[in-house]
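Spelled out from the first residue to the last, the chains are:
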Amino acid sequence: MNVRWDCCKISLQAPPLDYSFRGISFIQDLLTEQPRAGLKVIKHSAGGKLLTQAVRLNNNTINELTDFASTMEQLLEYPDELSWVDLSFNDLPTIDPVLTMYPNLRALNLHGNSIQSLSEVDKLAVLPHLRTLTLHGNPIEEEKGYRSYVLSVLPQLKSFDFSGVTKQDRSTAAFWRRMNVKPKKVKKRRDDY
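Keep in mind it's a predicted model, so treat the numbers as computed, not measured.

1. Re helix 2 (residues 68-75)
Of the positions making up helix 2, those classed as buried are Phe 68, Ala 69, Thr 71, Met 72 and Leu 75. The arc enclosing the buried residues of helix 2, seen along the axis, measures out at 165°, which places them on a common side. Here the buried face of helix 2 lies against strand 1 (17-18), strand 2 (54-56) and strand 3 (84-86).

2. Regarding unusual backbone geometry
Unlike most non-glycine residues, Asn 59 shows phi in positive territory, near 55°. Examined against the element boundaries, Asn 59 turns out to sit in the loop between strand 2 and helix 2. The residue Phe 89 is not glycine, and still its phi comes out positive at about 55°. For Phe 89, the location among the structural elements is in the loop between strand 3 and strand 4 (107-109).

3. Overview of the packing of helix 3 (residues 146-153) against helix 4 (residues 167-180)
Relative orientation of the contacting elements helix 3 and helix 4 amounts to 90°, with a least axis distance of 8 Å. Looking at the two axes, helix 3 sits roughly perpendicular to helix 4. Only Asp 169, Thr 172, Ala 173, Trp 176 and Arg 177 of helix 4 make contact with helix 3, whose side of the interface consists of Arg 147, Ser 148, Tyr 149, Leu 151, Ser 152 and Val 153. Here the contact of helix 3 with helix 4 is built from residues that sort into 5 nonpolar, 3 polar and 3 charged.

4. Regarding the packing of aromatic side chains
Working definition: an aromatic ring pair is given by the centre-to-centre distance plus the angle between the planes. What the rule picks out here adds up to 3 aromatic pairs. Ring centres of Phe 68 and Tyr 102 lie 5.8 Å apart, and the angle between their planes is 85°; on these two criteria the pair is classed as edge-to-face. Placement of the pair is Phe 68 in helix 2 and Tyr 102 in the loop between strand 3 and strand 4, with a sequence separation of 34 residues. Residue Phe 68 is classed as buried on the basis of its relative accessible area, which comes to 0%. Between Tyr 149 and Trp 176, the ring centres sit 5.6 Å apart and the planes meet at 90°, which makes this aromatic pair edge-to-face. Here Tyr 149, found in helix 3, pairs with Trp 176, found in helix 4; they are 27 residues apart in sequence, far enough to count as distant. The residues Tyr 149 and Trp 176 share a single accessibility class, namely buried.

5. Topic: the pattern of salt bridges
In this structure the tally under the stated criterion is 4 salt bridges. The partner of Arg 56 in a salt bridge is Asp 18, and the shortest N-O contact between them spans 3.7 Å. Residue Arg 56 is found in strand 2, and its partner Asp 18 is found in strand 1; the two are separated by 38 residues along the sequence. A salt bridge links Arg 147 to Asp 169, with the nearest nitrogen and oxygen atoms 3.0 Å apart. You can see Arg 147 sitting in helix 3 and its partner Asp 169 sitting in helix 4, a full 22 residues away along the chain. Judged by its relative accessible area of 24%, Arg 147 falls in the partly exposed class. What you see here is one network of salt bridges that share partners, running through Asp 18, Arg 36 and Arg 56.

6. What to know about helix 3
Note: α-helices contain 3.6 residues per turn, so residues at a spacing of three or four share the same orientation. The buried count for helix 3 comes to 7 of 8 residues, which makes it a mostly enclosed element. Taken as a whole, helix 3 has its buried residues at Tyr 146, Ser 148, Tyr 149, Val 150, Leu 151, Ser 152 and Val 153.

7. Quick notes on the environment of Leu 39
One can find Leu 39 in the loop between strand 1 and strand 2. Remark: the alpha-carbon pair of Leu 39 and Pro 15, spanning 24 residues in sequence, is separated by 8.6 Å.

8. With respect to the nonpolar core
Membership of the largest hydrophobic core comes to 47 residues, with the highest contact counts inside it found for Phe 68, Leu 133, Leu 135 and Val 150. Residue assignment for this core shows that the elements contributing at least two residues are helix 2, helix 3 and helix 4. The element contributing the most residues to this core is helix 3, with 5 residues. Excluding residues within four positions of it along the chain, Phe 68 makes contact with Ile 27, Leu 57, Leu 82, Val 85, Val 98, Leu 99 and Tyr 102.

The rules behind the values
- Residues numbered from 1 in each chain as written.
- Predicted model: local features only at pLDDT ≥ 70, side-chain atom pairs only at ≥ 80, totals over all residues.
- Heavy atoms only, no water.
- Buried < 20%, exposed > 50% of the residue type's maximum accessible area, 1.4 Å probe, protein only.
- Helix = DSSP H or I, 4+ residues; strand = E, 2+ residues; numbered from the N terminus.
- Arc of directions from axis to C-beta.
- Contact = heavy atoms within 4.5 Å.
- Axes fitted to C-alpha atoms, helices over the stretch in contact; angles between N-to-C directions.
- Parallel < 35°, antiparallel > 145°, perpendicular 65-115°, else oblique.
- Nonpolar A, V, L, I, M, F, W, Y, C, P; charged D, E, K, R; others polar.
- Phe/Tyr/Trp six-rings, centres within 6.5 Å; stacked < 30°, edge-to-face > 60°.
- Salt bridge = Lys/Arg side-chain N within 4 Å of Asp/Glu carboxyl O.
- Core = buried A, V, L, I, M, F, W, Y, C linked by side-chain atoms within 4.5 Å.

Next up, the structure:
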């Protein structure tokens, strides 16, 4: 347990694993592509895996996250500790459910993609620690009530689209939800009569 804690402390302070601007189309390509060198070197575990909790995949041509989980397991010593993922400026048409497998995810950048449906945001509601989210530059940004919808689904957000979430935003989102989300009807069973 102590070794894991020490490694987690190191990975928390480590720079992100940076695959930005690499022309990557498929997640599996991360296994053969060389990450960008940063000012600080990412340490390796005794098993040779990287000790970081952040991954940059921005400014590529990724349109699906097939093999994301298995690739993270091959690259990172503690993939379950992933806390920041930058997938901005790719070609993602949806929010892949694989992202919900990382309960420690605190920051998720998805701006500048091709996400079409506002209901895609609902998938992220299972991430209890998500505090920062970017979605601007996607087609969903044009939908009526965009900001209020997102904040009503993800009330724990502190920052949305690079803007702090205010008390007024929360109040507006709660009001918007009451006015726009119809409560589910409870179906009565036959034996209830």
